[in-house]
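These are the residues of each chain, in order.
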Amino acid sequence: MDRHQDDVLRLIAEQDVRYLRLWFTDVLGKLKSVAIDPGELEKAFSEGIGFDGSTIEGFTRIYESDMLLYPDATTFQLLPFGEDGVVQGRMFCDVMTPLDEPARADPRGVLERQLTLAREAGFTFQVHPEIEFYLFTQPVSLDKPLGLVDRAGYFDHVARGGSNDFRRRAVAALEEMGISVEFSHHEGGPGQNEIDLRATDALTAADNIMTFRTIISEVALQEGLVATFMPKPLIDAPGSAMHLHLSLFEGERNAFFDGAGTYQLSRTGRSFMAGILAHAGEISLVTNQHVNSYKRLYGGGEAPSYVCWGHNNRSALIRVPLYKPDKPQAARIEYRATDPAANPYLALSALLAAGLTGVREGYELPEEAEDNVWELSRSERLALGITELPRSLEEALERFTRSELMADVLGEEVFAFVRRNKEHEWRDYHRQITPKELSRFLPVN
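These numbers were taken from a predicted model, which means no experiment stands behind them.

Undergrad: Please give an account of the nonpolar core that cites residues and values.
TA: Judged by nonpolar contacts, the single largest core of 95 residues is most densely connected at Phe-125, Ile-195, Leu-246, Phe-272, Ile-333, Tyr-335 and Leu-410. Apart from residues lying up to four places away in sequence, Leu-246 is in contact with Phe-125, Gln-126, Val-127, Phe-256, Phe-272, Ile-276, Arg-332, Ile-333, Tyr-335, Leu-348 and Leu-351. Membership of the second largest hydrophobic core comes to 20 residues, among which are Phe-24, Ile-49, Ala-73 and Val-95.

Undergrad: So what's going on with the pairing of strand E4 (residues 66–71)? Which residues, and what values?
TA: Counting buried positions along E4 yields five of six residues, so the element is predominantly enclosed. Sheet topology places strand E3 (residues 49–52) next to E4; four bridges connect them, and they run antiparallel. In the sheet register, Gly-50 faces E4, and the bridge partner there is Leu-68. Pairing of E4 with strand E6 (residues 88–96), which is carried by four bridges, proceeds in the antiparallel orientation. Counterpart to Pro-71 in the pairing with E6 is Cys-93.

Undergrad: Lay out the side chain of Gln-114 with the relevant residues and their values.
TA: Mapped onto the fold, Gln-114 is located in helix H3 (residues 107–120). On the accessibility criterion, Gln-114 (7% relative accessible area) is buried. Excluding its chain neighbours within four sequence positions, the residues that come into contact with Gln-114 are Ser-349, Leu-352, Ala-353 and Val-409.

Undergrad: Break down a negative patch on the surface for me, with residues and values.
TA: There is a patch of like negative charges on the surface, built from Glu-367, Glu-370, Asp-371, Glu-375 and Glu-380. With respect to the element layout, Glu-380 can be found in helix H9 (residues 378–383).

Undergrad: Account for the packing of aromatic side chains, with residues named and values stated.
TA: With the rule as written, the count across this model stands at 11 aromatic pairs. Seen from their ring centres, Phe-125 and Phe-272 are 6.2 Å apart, and the 50 degrees between their planes marks the pair as tilted. Here the residue Phe-125 occupies a position in strand E7 (residues 124–137), and Phe-272 occupies one in helix H6 (residues 267–287), the gap between them amounting to 147 residues. The exposure classification of Phe-125 matches that of Phe-272, with both residues buried. Aromatic pair Phe-400 and Phe-415: ring centres 4.6 Å apart, planes at 20 degrees, arrangement stacked. Of this pair, Phe-400 sits in helix H10 (residues 393–401) while Phe-415 sits in helix H11 (residues 404–431), and the two are 15 residues apart along the sequence. The same class applies to Phe-400 as to Phe-415, namely buried. The structure contains a cluster of three or more aromatic residues connected by ring pairs, namely Phe-133, Phe-166, Phe-212 and Phe-229.

Each value, and the rule that gives it
- Residues numbered from 1 in each chain as written.
- Predicted model: local features only at pLDDT ≥ 70, side-chain atom pairs only at ≥ 80, totals over all residues.
- Heavy atoms only, no water.
- Core = buried A, V, L, I, M, F, W, Y, C linked by side-chain atoms within 4.5 Å.
- Buried < 20%, exposed > 50% of the residue type's maximum accessible area, 1.4 Å probe, protein only.
- Contact = heavy atoms within 4.5 Å.
- Helix = DSSP H or I, 4+ residues; strand = E, 2+ residues; numbered from the N terminus.
- Pairing = 2+ DSSP bridges.
- Patch = residues over 30% accessible without salt bridge, like charges linked within 9 Å, V, L, I, M, F, W, Y side chains within 5 Å.
- Areas by Shrake-Rupley, 256 points an atom, 1.4 Å probe, with all protein chains shown as cover.
- Salt bridge = Lys/Arg side-chain N within 4 Å of Asp/Glu carboxyl O.
- Lys, Arg positive; Asp, Glu negative; His and termini not counted.
- Charge placed at Lys NZ, Arg CZ, Asp CG, Glu CD.
- Phe/Tyr/Trp six-rings, centres within 6.5 Å; stacked < 30°, edge-to-face > 60°.

Structure representation (C-alpha cells):
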C-alpha cells in the first residue's frame, strides 16, 4: 500500500467517514457512483471493486462485462454535503479489466494515455477552465417556459439576487473540497453564471470539472433551483461555454512563453495552436457532443463559429490572452468552442493530441484574424483562409468519422461507441416534430 492510500485510511478514521463514494464516468461524461463502507476500502485499493461494465454507456460488450474499479487515493476529498450530518468522502477511480489492464473504454484512462505520450515528449499539460451555466427556478416543466432567477447581464451585481447567494455557497463548497476558484460572476444571459477554476494539471482539471458539475447541481437543489450545463437553453440569450486555457510545461518552464515572440508566444505554443486549428473540425464531436451544442455555436452570443485565432478578438476560436505580460508562467492559449456538457476527459484528450500533432510535425500558424469574423462575408472569410466549424451534429459526425487522429486518440472502443451514439442522437432529433413547426403549419381557429 502506498503513502497516499495510508493517508486516506488515516484521514477516514480521524474524520469518522461513514460512506465512501467511488466515482467514474461513462463515455458521454455522465458521472457514475458506487458507495462502499470505509471498512472495504483497503480491499478496494488492493483488489478493486467489481461491477458489470456492460450496463455502462459505451464501456464493454455483454460477454466482456466484468470490470474493476480501483480508487485513486490522490483524489480523496470529503464531500461538503451529506444527510443528517453523516460524513462522506469521494475518490475517482481507474477502471481495469480482470487481467489488471486499463479498460480501453474508460474516459479517464483515455486522458491518462494522452498525458503519458505528452510526458514522453517532455511536456506536462496545464488547464484552467472557465465554466458557464444557467440557473432556473423550480419547478421546471417541459411544457412551460423556464423560470428565470433574474434578468441580469454580464458582471451585473443583483441586490439580494439569488445568483449572488448561489455563487457564494457554491464557491464555498468547491473550496471546501480543495478546488481553488479564481473568481465568479454573473454572465450575459438571465440567470447565467460563470465560475473559473484555477489552473492545474489536466487530469486534476478534468476531475475538478466533473466535481464542479456535481457540486453546482447539488447546491442548486438545496436552494430550490435547477442548474443546467445545456449549451443553449434559451433562444434569445447567449449559450453556455466552457472556455479552456491551455499550456504546456517543460519541468517548471512554460513551453508557451517566449519574451521575443508575438504576444510572447513561443514556437511550441504557435505550433500547438496550429495543430488545434487544423483538427478543430474533426474534434468538434467531442468538444461539442450534442445537437444543442451547434445551436450555441451558430446562435450568436459571442460563440466561436470560425476556425481562426486572435489576440483581443473574441470572435476567434482560439485567443491568446496577455493579462500578465511580465509573468512567463501565465502564457497560454484559450480554446473557446468547448461547452460545459462535454466529457472533460475526452475533450482534453482531443485538444492535447491535436496540439501535440502540431508541435511534433511543425505546423505553421496561419495569419492572425484581426477583424470581427462574425461581420465578414463568406467570401471575405474564404479569402482570408478562414473555415467554419461544423454547423450541425451531423456534419461534426461526418468529420469525426473520417478522422484518423480521433480514432487513434480515443481507441477503437470509445471511437466506435461515440460514432454510434451520435448517429442515434442525430436520427432521433430529426424525427421530432417541434412546437415551432406545429405553430407554423397547424391552423388553430
